[in-house]
Amino acid sequence: MARSAGPGGTPGAAWHWKGEGALNLEIRVSRLDGPALVQDYYACAPALAPFFAGWPWDPEVYRRKAEEVDRRFDAGRRRRMAEAIRATTPAAAAKLERVANGEGVFVTTGQQAGLFGGPLFTVYKILTAVRLAEALEPVLGRPVVPLFWVASDDHDWEEVNHVHVVDGSNAVQRIAVEGEGEAEGVGSSMARRRLGAGVEAALGRLADLMPQTSFAASYLELLRRAYRPERTVAQAFGDVIAELFAEFDLLVVDPAHPVVKELSAGVLALELERSAEHEALLARQSSGLEAAGYHVQVGVLPGAANVFFEDEAGRERLVAEDGGWVLRRTRRRLETEELRALLESEPGRFSPNVLLRPVVESAVFPTVAYVAGPSELSYYAQVRCLFQAHGMEMPVVYPRASVTLIEAKVRKVLDKFGLGVEDFRRPTHEVAARVLREELPEDVVEALAWLRRVLGEGYGRLAEAAKKVDATLGGPVIGARNAAYVQLEEVEKKIAAHLKTRNAVGLEQLEKARTNLFPLGQPQERVLSVMPYLARYGPELLQAIAGQLVVELEGGPRA
């Protein structure tokens, strides 16, 4: 087994692991791919330092953050927040009790509530949080527990109503819940939107496309128990996550829980009270990011609070207008006093936007670190000022692991053609063109090169000689040379076409390999569901992936 730096490693570095027995699979772990901000974060670039609380490869940063958490969380608040959390194992419950008693802290991560457990990267976020928590316990000398936040406040149905799988013929299939489910309004949150009858057809389609193995039935049964028509998207997703990770001492929380709503009401009230001031802070921090050469992940909307209100029409952003507030889509007006009264009496109707959500999480839970994907890492760079405005410091942001699962059938194709995973970031026709060029017989390659050289030299000599007869003859000669080059390219294409016909099976194999590694042109982890992989490899798969994740806390990411 070859080791590298895992989540903190060099770009393209990987762990290569092949399981014994049934788990005949290669697990490739590397750094997150992403824009300049993400890559500079790994490099601990000085230009990014003002936007974060410290680098995640410095143990002292976690110690400082733990001390700050201890100062903010009294015994009563710790006890209250624990009521909203469910533990996946007795050991996790025991650790939660110690956190509630003031002894421990959390490493958190989260993801929007999706269909059938969501895409693969959700698994990798959770496993990174698990490994980071394990690594931090000896550093902090106290219990550190991974906590998964089911982002049930999100309301974009089109983002979560489908999954993708690769079928038995190596084609990507989209499985979706048809219709809008049973929603209170167009933009209902996943905490309120029920799945509806369409989920049964989606489950049936998934069952048809799942590998027929001894493991498949148990995972399908789990999904059928969780994803029932009368249940909400968030309930179903949370149950699946809790059961899949029952061996990892994980904690799970749904922010729609009444206790979370109660404990976060103060943050939302202050945000509404100081909306204009906080908008200016965010605009200034976002401008600073751009001035440092980085992109802004989330735009700052003029006049809009970082707070949503949900009524019978759905979840909508609150926008300040004429001394009161209006809902951005329906234009329903709420006076300031009316809004305050609603927040006090019905806190469940209010939720943070993407920029305020990390602040709410850190206000409710004793969080020392957050495991982030590339987009989250980018918007965390915008919100340090918002944490400080609410009287706290932001958590340490640790990049999640990026993982590619390379099955035996795909490895055979890579080895056959001498290709690596990264080669398939390019379109299949480009990969195929490279392979075909390399398969041209050596004598054909030499003959084509010789002919190009001879044409260039011959027409060059002729052009010089013709100019002595008439200076205008150089142009026609060069034109004839270029036409000859075009004809030669046509000949080369015909040779390649014959090779392509002869290698049709190999080219089909390349397409199938790319479908498995970069389905729909995107990294596997961002598109495909974990369920077919679990059906094929069983519960050992998650343990195997966790075993390959390395968390580095000393000296920065390895070069």
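Look above for the structure.
Just so you know, these numbers come straight off a predicted model, no measurement behind them. (Residues numbered from 1 in each chain as written. Predicted model: local features only at pLDDT ≥ 70, side-chain atom pairs only at ≥ 80, totals over all residues. Heavy atoms only, no water.)

Colleague: I tried to follow the pairing of strand E6 (residues 172-176) on my own but got confused; where do I start?
Modeller: A regular strand places its side chains so that they alternate between the two faces of the sheet. Bridge count for strand E5 (residues 162-166) against E6 is five bridges, and the pairing is antiparallel. Counterpart to His162 in the pairing with E6 is Ala176. As consecutive antiparallel partners, E5 and E6 are separated by five residues, and within that stretch Asn170 has a phi angle of approximately 65°, a positive value. (Pairing = 2+ DSSP bridges. Helix = DSSP H or I, 4+ residues; strand = E, 2+ residues; numbered from the N terminus.)

Colleague: Mind showing me how you'd approach the sheet that holds strand E11 (residues 333-334) here?
Modeller: Consider a sheet: its strands pair through backbone hydrogen bonds, and that pairing is either parallel or antiparallel. Taken together, the five strands give an open sheet; going across it, the order is E11-E10-E9-E8-E12, and neighbouring strands pair in antiparallel fashion. Since the sheet does not close on itself, it has two edges, and those belong to E11 and strand E12 (350-352), each with one partner. Bridge count for strand E8 (residues 304-311) against E12 is three bridges, and the pairing is antiparallel. What sits directly across from Val307, in E12, is Pro352.

Colleague: Whenever I open this one, the packing of aromatic side chains confuses me. Can you help?
Modeller: The way to describe two aromatic rings as a pair is by their centre distance and the angle between their planes. Taken as a whole, this structure holds 14 aromatic pairs when the rule is applied. Seen from their ring centres, Phe116 and Tyr227 are 5.1 Å apart, and the 75° between their planes marks the pair as edge-to-face. A residue pair is termed long-range when its members are at least 10 positions apart, and Phe116 in the loop between strand E3 (105-112) and helix H5 (120-140) and Tyr227 in the loop between helix H8 (216-226) and helix H9 (233-244) qualify at 111 residues. A residue is classified by how much of its surface remains accessible, and Phe116, at 0% relative accessible area, is buried. On the basis of an interplanar angle of 45° and a centroid distance of 6.1 Å, the ring pair of Phe148 and Phe237 is categorised as tilted. A residue pair is termed long-range when its members are at least 10 positions apart, and Phe148 in strand E4 (residues 144-151) and Phe237 in helix H9 qualify at 89 residues. Look at Phe237 and you get buried, because its relative accessible area is 0%. Its end group placed over the ring of Trp149, Arg357 keeps NZ or CZ at 5.7 Å from the ring centre. Taking NZ or CZ as reference, Arg526 lies 4.8 Å from the ring centre of Phe121, over its face. (Phe/Tyr/Trp six-rings, centres within 6.5 Å; stacked < 30°, edge-to-face > 60°. Buried < 20%, exposed > 50% of the residue type's maximum accessible area, 1.4 Å probe, protein only. Lys NZ or Arg CZ within 6 Å of the ring centre and 35° of its normal.)

Colleague: Can you help me understand the pattern of salt bridges in this one?
Modeller: Oppositely charged side chains can pair when the atoms bearing their charge come close. The final tally for this structure, using the stated rule, is 35 salt bridges. Between Arg192 and Glu310 there is a salt bridge, and its shortest N-O distance comes to 3.3 Å. With Arg192 in the loop between E6 and helix H7 (198-209) and Glu310 in strand E8, this residue pair connects regions lying 118 residues apart in the sequence. Accessibility expressed as a relative area gives 4% for Glu310, which makes it buried. Salt bridges here are not isolated pairs; linked through shared partners, they connect Arg28, Asp33, Glu422 and Arg425. (Salt bridge = Lys/Arg side-chain N within 4 Å of Asp/Glu carboxyl O.)

Colleague: Can you help me understand the environment of Val364 in this one?
Modeller: Along the chain, the position of Val364 falls in helix H13 (residues 357-364). A sequence separation of 294 residues divides Val364 from Asp70, and the C-alpha atoms of the two residues are 13 Å apart.

Colleague: Would you take a moment to explain empty space enclosed by the protein for this structure?
Modeller: Where empty space is left in the structure can be found by rolling a water-sized probe over the atoms. Tallied over the entire structure, the rule returns one cavity of 30 Å³ or more. Approximately 60 Å³ is the volume attributed to the largest cavity. In terms of lining, the largest cavity is formed by Trp149, Asp153, Pro255, Val260, Lys261, Ser264, Leu268, Phe350, Ser351, Pro352 and Val360. Residue assignment for the lining of the largest cavity shows that the elements contributing at least two residues are helix H10 (258-273) and E12. Here the lining of the largest cavity takes four residues from H10, the largest share from any one element. In the lining of the largest cavity, the residues fall into seven nonpolar, two polar and two charged. (1 Å grid on protein atoms, 1.4 Å probe; cavity = no way out; pocket = protein on both sides within 12 Å on 5 of 7 lines; lining within 4 Å. Points joined across faces, edges and corners; volume = space filled by probe spheres on them. Nonpolar A, V, L, I, M, F, W, Y, C, P; charged D, E, K, R; others polar.)

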